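Examination of the molecular architecture
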Amino acid sequence: MTLDDLRVFAAVCQAGSLSAAARDLMCTQSAVSQHVKRLERELGLSLLERQPRGVIPTQAGHVLHSAVINGLGSIDHALRRLDELARGDNGAVRITTGATTVRHFMSAAIVDFRQRFPQASLEFQTETSSRSCFDALATDGLDLAWITLGPPVRGIEQRPVVELPWVLAVTADDPLADKPFIEPADLQDARLIGLPENSTSRSQLDSWLGESGVRPVFDTSVADWDTAVLLAELGLGHAIVPTLPRWRGPGHSDLRLVPIPALPALTAGWAVRRWDALSPLARTFADSVAHHCATQPPGSRTR
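Not measured: the values here are computed from a predicted model. For every chain, the first residue of the written sequence is number 1, and numbering continues from 1 onward in sequence order. The predicted origin of the model limits local features to residues at a pLDDT of at least 70 and limits the giving and counting of side-chain atom pairs to 80 or more, whereas totals for whole chains, interfaces and linings rest on all residues. Water and hydrogen atoms play no part in the side-chain values, which are based on all heavy atoms of the structure.

Comments concerning the overall build of the protein
Note the threshold: Per the convention used, a helix needs a DSSP run of H or I reaching at least four residues, while a strand needs a run of E reaching at least two, with both numbered from the N terminus. For every residue, the accessible area (1.4 Å probe, protein chains only) is compared with the maximum for its type, and the residue is labelled buried under 20%, exposed over 50%, or partly exposed between those bounds. Per-residue accessibility takes into account occlusion by the displayed protein chains alone, with areas from the Shrake-Rupley method and a 1.4 Å probe. A positive count includes Lys and Arg, and a negative count includes Asp and Glu. His and the chain ends are not counted in either. In this description, the location of a charge corresponds to atom NZ of lysine, CZ of arginine, CG of aspartate or CD of glutamate.
Helix and strand counts for the protein stand at nine helices and 13 strands. Across its three principal directions, the C-alpha atoms of the protein cover 65 × 50 × 30 Å. Counting over 303 residues, the protein shows a buried share of 49%. Put simply, the protein shows about 14900 Å² of open surface, and 53% of that area lies on carbon and sulfur atoms. One way to put it: in the protein the 29 positive side-chain charges average out to a point 5 Å from where the 34 negative ones average out.

Right, here's the structure in full:
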């Protein structure tokens, strides 16, 4: 078996089908199938179970996939470190995160990093959830993932940076806009804009609403926090979101963000495979983001 065989197998497990993996890898489905068949021939075991809408790993496939994402991630990281040692300050830092994170958390750090290391590059890979960021961190040779922290994940180290209290985003003329804070009872039967499915923030919010006995109506859904706030500002519903400083100020005169103190704050921060294995450039960028989060305007609490 070859490293390419293992990489393709990991891509199939992540994509859930041979055709989707072929699109991600920019090759033919036949080529993907040949890589998987070579592994199965070598091991004498079936690794994938064919289903009407794709494939899932067999028991043997799960064992191999777990080893592959850890092993290949370590190899890719080592190769990147060797490349950076050879290039010095001309290396690259590769980050995976959500679609709006750079604007809210990293813009000042990017400016500082560019001034200090003009020859180095920053590469961003967008994912739709913290779980997707973990997968990308393990398999795609990335350095850092900015995530909403959740339960421990095997093979991943998580480091908190900033706490994000929750608020209810409403229009200025909404009956709830003048309240000093929102209580669970205020949300009963409210029409809420749903946060991204399978996200850590949505999971935490749904859990809290259930424990509070609140049954709001989710009649609109979005892919990120910024879109939820925009729709709330346009009067399409209420949005329960973690507060971010860029939503306050003259540019949002018709928007009100009412605190929800009973809802435990979200924690955002970094995830890496191993902190002690980060390159100096990656560590510098991570520290710079944490520093600027600590000096941002009131509205979030830094850890």
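Structural notes on the packing of aromatic side chains
Which entries qualify depends on this criterion: When two rings of Phe, Tyr or Trp (its six-membered ring) have centres within 6.5 Å they constitute a pair, described as stacked for plane angles under 30 degrees, edge-to-face for angles over 60, and tilted for the intermediate range. Geometrically, a charge over a ring is one whose NZ (Lys) or CZ (Arg) sits within 6 Å of the ring centre while staying within 35 degrees of the ring normal.
A full pass over the atoms with the stated rule returns five aromatic pairs. Between F105 and W146, the aromatic rings sit 5.0 Å apart at their centres with planes inclined by 40 degrees, giving tilted as the arrangement. Here F105 is found in helix 5 (residues 101–116), whereas its partner W146 is found in strand 5 (residues 144–148), with 41 residues between them in sequence. Classification of F105 by relative accessible area gives buried; the value is 7%. On the numbers, 5.0 Å between centres and 85 degrees between planes, the contact of W146 with W270 is edge-to-face. Note that W146 is positioned in strand 5 and W270 in strand 12 (residues 266–272), a separation of 124 residues in sequence. The exposure classification of W146 matches that of W270, with both residues buried. Here a set of aromatic residues connected by ring pairs shows up, and it is made of F105, F113, F117, W146, W270 and F285. Cation over ring: R159 sits above W275, and NZ or CZ is 3.9 Å from the ring centre.

A word on the nonpolar core
So the rule is basically this: In this description, a nonpolar core means a group of buried Ala, Val, Leu, Ile, Met, Phe, Trp, Tyr and Cys residues linked to one another through side-chain atoms lying within 4.5 Å. Whether two residues are in contact is decided by their heavy atoms, any of which lying within 4.5 Å being enough.
Formed by 59 residues in total, the largest nonpolar core has its most connected members in L144, W146, L168, I240, W270 and F285. The element contributing the most residues to this core is helix 9 (residues 280–294), with six residues. If sequence neighbours within four positions are ignored, L168 has contacts with L176, I182, L187, L192, H238, A239, I240, R256, L257, V258 and I260. By size, the runner-up hydrophobic cluster in this structure holds 19 residues, among which are A22, V32, L47 and L48.

A closer look at the layout of surface pockets
Applicable threshold: Within this scheme a cavity is a closed region of a 1 Å grid, computed over the protein atoms alone, that accommodates a 1.4 Å probe without allowing it to escape, whereas a pocket is open but has protein on both sides within 12 Å along at least five of seven lines; lining residues each have an atom within 4 Å of a point. Grid points are joined across faces, edges and corners, and a volume is the space filled by probe spheres set on the points. Any residue that is not Ala, Val, Leu, Ile, Met, Phe, Trp, Tyr, Cys, Pro, Asp, Glu, Lys or Arg is counted as polar, Gly included; the first ten are nonpolar and the last four charged.
Each pocket or cavity is described by its volume, and for the largest pocket that value is around 460 Å³. Lining the largest pocket are 27 residues, with G98, A99, T101, T128 and S129 sitting closest to its centre. For the lining of the largest pocket, the elements supplying multiple residues, two or more each, are helix 5, helix 6 (130–139), strand 5 and helix 7 (200–211). Tallied by class, residues from the lining of the largest pocket come to 11 nonpolar, 13 polar and three charged.

Remarks on the pairing of strand 9 (residues 217–221)
Within a regular strand, the side chains alternate between the two sheet faces. Selection criterion: One bridge is not enough; two strands pair if DSSP finds at least two bridges between them. Convention used here: a crossover is right-handed provided that the path from the first strand, over the helix, to the second strand proceeds clockwise when the strands point away from the viewer.
In this structure, strand 8 (residues 191–194) lies alongside strand 9, joined through four bridges in parallel fashion. When the sheet's bridge partners are listed, L192 is paired in strand 9 with F218. Handedness of the crossover joining strand 8 and strand 9 through helix 7 is recorded here as right-handed.

Topic: the environment of A169
Residue placement: A169 occurs in strand 7 (residues 166–171). Linking A169 and L257, residues 88 residues apart in sequence, is a C-alpha distance of 4.7 Å.

Considerations on the sheet that holds strand 11 (residues 255–259)
Basically, it comes down to this: For helices, the axis comes from a line fit to the C-alpha atoms of the stretch in contact; other axes are also lines fit to C-alpha atoms, and the angle between any two N-to-C directions lies between 0 and 180 degrees.
Strand order in this open sheet of three strands is 10-7-11, and the pairing throughout is antiparallel. Single-partner strands in this sheet number two, and they are strand 10 (239–242) and strand 11. When strand polarity is set aside, the average angle formed by the axes of neighbouring strands in this sheet is 35 degrees. Inspection of the sheet shows strand 7 paired to strand 11 by five bridges, in the antiparallel sense. The partner of T171 across the bridge, within strand 11, is L255. Sheet strands in contact with helix 8 (residues 225–233) are strand 7, strand 10 and strand 11, and its direction is about 140 degrees off that of strand 10.

Thoughts on a nonpolar patch on the surface
We count it as follows: Patches in this entry comprise residues that are over 30% relatively accessible and not in a salt bridge; like charges within 9 Å are linked, as are nonpolar side chains (Val, Leu, Ile, Met, Phe, Trp, Tyr) within 5 Å. Counted as salt bridges are all cases of a side-chain nitrogen of Lys or Arg within 4 Å of a carboxyl oxygen of Asp or Glu.
Together, L3, I75, L79 and L82 line one region of the surface with nonpolar side chains, adding up to about 360 Å² of accessible area. By residue number, the principal contributor to the nonpolar patch is helix 4 (residues 59–87), which donates three residues. For L3, the position within the fold is in helix 1 (residues 3–15). L3 gets classed as partly exposed once you look at its relative accessible area, which sits at 41%.

Examining the environment of L82
Along the chain, the position of L82 falls in helix 4. With a relative accessible area of 54%, L82 lands in the exposed category. Considering only alpha carbons, one finds L82 and Q188, 106 residues apart in sequence, at a separation of 56 Å.

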